[in-house]
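Descriptive structure summary
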Amino acid sequence: DRLVAAGRAEEGLALLDRVRASARDLRPENWQAARIRALEALGRGSDAQGFRLKAFHDTLDPEPLRDYLKRLPDFDDIEAEDAALDYAVTFTDADKALDFLISWPSLDRAARLATARAEALNGNDEDLLPLAAEKLAAKYPLAATLILRRLIDAILLNSRNLTYDLAGQALAECRRLSAFVTEWRGFPDHTAYEQGLHAYHARKTQFWEAAAA
């Protein structure tokens, strides 16, 4: 940044490009933003646009995507946004993809991800999963249910008794949502799912008490 400010953007860009990939990965958003500033300072707006899109594809950081879209002509930005959000559904890290889609927001795609890739979600994320289920519950009850099941299963299978109350509350919410699920799409319905929990976790009384509350 100091090189760019001093009118030596070419040197700044060369310096950035010499950084090892392992070092870039420590703070990728910072490295990407600095590289975009250097490209813009050199008048390489088209290259900066291409790199903004690449930065989004690599990290799902929303800021490069927002900057990319606002520089596109009218109507082109709509098509580009749809393509970017569709890409996010397939992103390798399902949790990061869900977090991005909930935050953007693109709830229809978040629901699509949850129904297609629920098993890829990290059931130990006790911040993201309840929030995502809450956001999806009104319009996408099946997706919200599958997210909550992932949370419940992880807590019970790992015997994390300190969060049995959270799992019980999630199960109670699954019961409530089941009344609004019109098509289970091959997933076990709520009755079958809860029977399975009873078969494997009947002795976890704290969980069942929380679910009944």
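Reading the values: the criteria
Residues numbered from 1 in each chain as written. Predicted model: local features only at pLDDT ≥ 70, side-chain atom pairs only at ≥ 80, totals over all residues. Heavy atoms only, no water. Axes fitted to C-alpha atoms, helices over the stretch in contact; angles between N-to-C directions. Helix = DSSP H or I, 4+ residues; strand = E, 2+ residues; numbered from the N terminus. Parallel < 35°, antiparallel > 145°, perpendicular 65-115°, else oblique. Contact = heavy atoms within 4.5 Å. Nonpolar A, V, L, I, M, F, W, Y, C, P; charged D, E, K, R; others polar. Polar contact = N/O pair within 3.5 Å; in protein donor to acceptor, adjacent residues only side chain to side chain.

As a further point, take the packing of helix 4 (residues 28-41) against helix 5 (residues 45-59). Running from N to C, helix 4 and helix 5 point in directions that differ by 170°, and their axes come no closer than 8 Å. Overall, the two elements helix 4 and helix 5 adopt an arrangement that is roughly antiparallel. Of helix 5, the residues touching helix 4 (which contributes Pro28, Glu29, Trp31, Gln32, Arg35, Ile36, Leu39 and Glu40) are Gly45, Asp47, Ala48, Phe51, Arg52, Ala55, Asp58 and Thr59. For the contact of helix 4 with helix 5, a count of residues per class yields seven nonpolar, three polar and six charged.

Our focus in this paragraph is the side chain of arginine 52. Position of arginine 52 among the secondary structure elements: in helix 5. Among the polar contacts made by the side chain of arginine 52, one reaches the side chain of glutamine 49 at a distance of 3.1 Å. Setting aside its immediate chain neighbours within four residues, arginine 52 contacts Ile36, Glu40, Pro64, Asp67, Tyr68 and Arg71.

This next bit is on unusual backbone geometry. Residues tryptophan 104 and proline 105 are joined by a peptide bond in cis, for which omega reads 0°. Looking at the secondary structure, you find proline 105 in the loop between helix 8 (94-103) and helix 9 (107-117). Located in the positive-phi region is phenylalanine 75, a residue other than glycine, with phi close to 80°. By the element assignment, phenylalanine 75 lies in the loop between helix 6 (62-70) and helix 7 (76-89). Of note in the backbone geometry, arginine 185 takes a positive phi value of approximately 55° without being a glycine.

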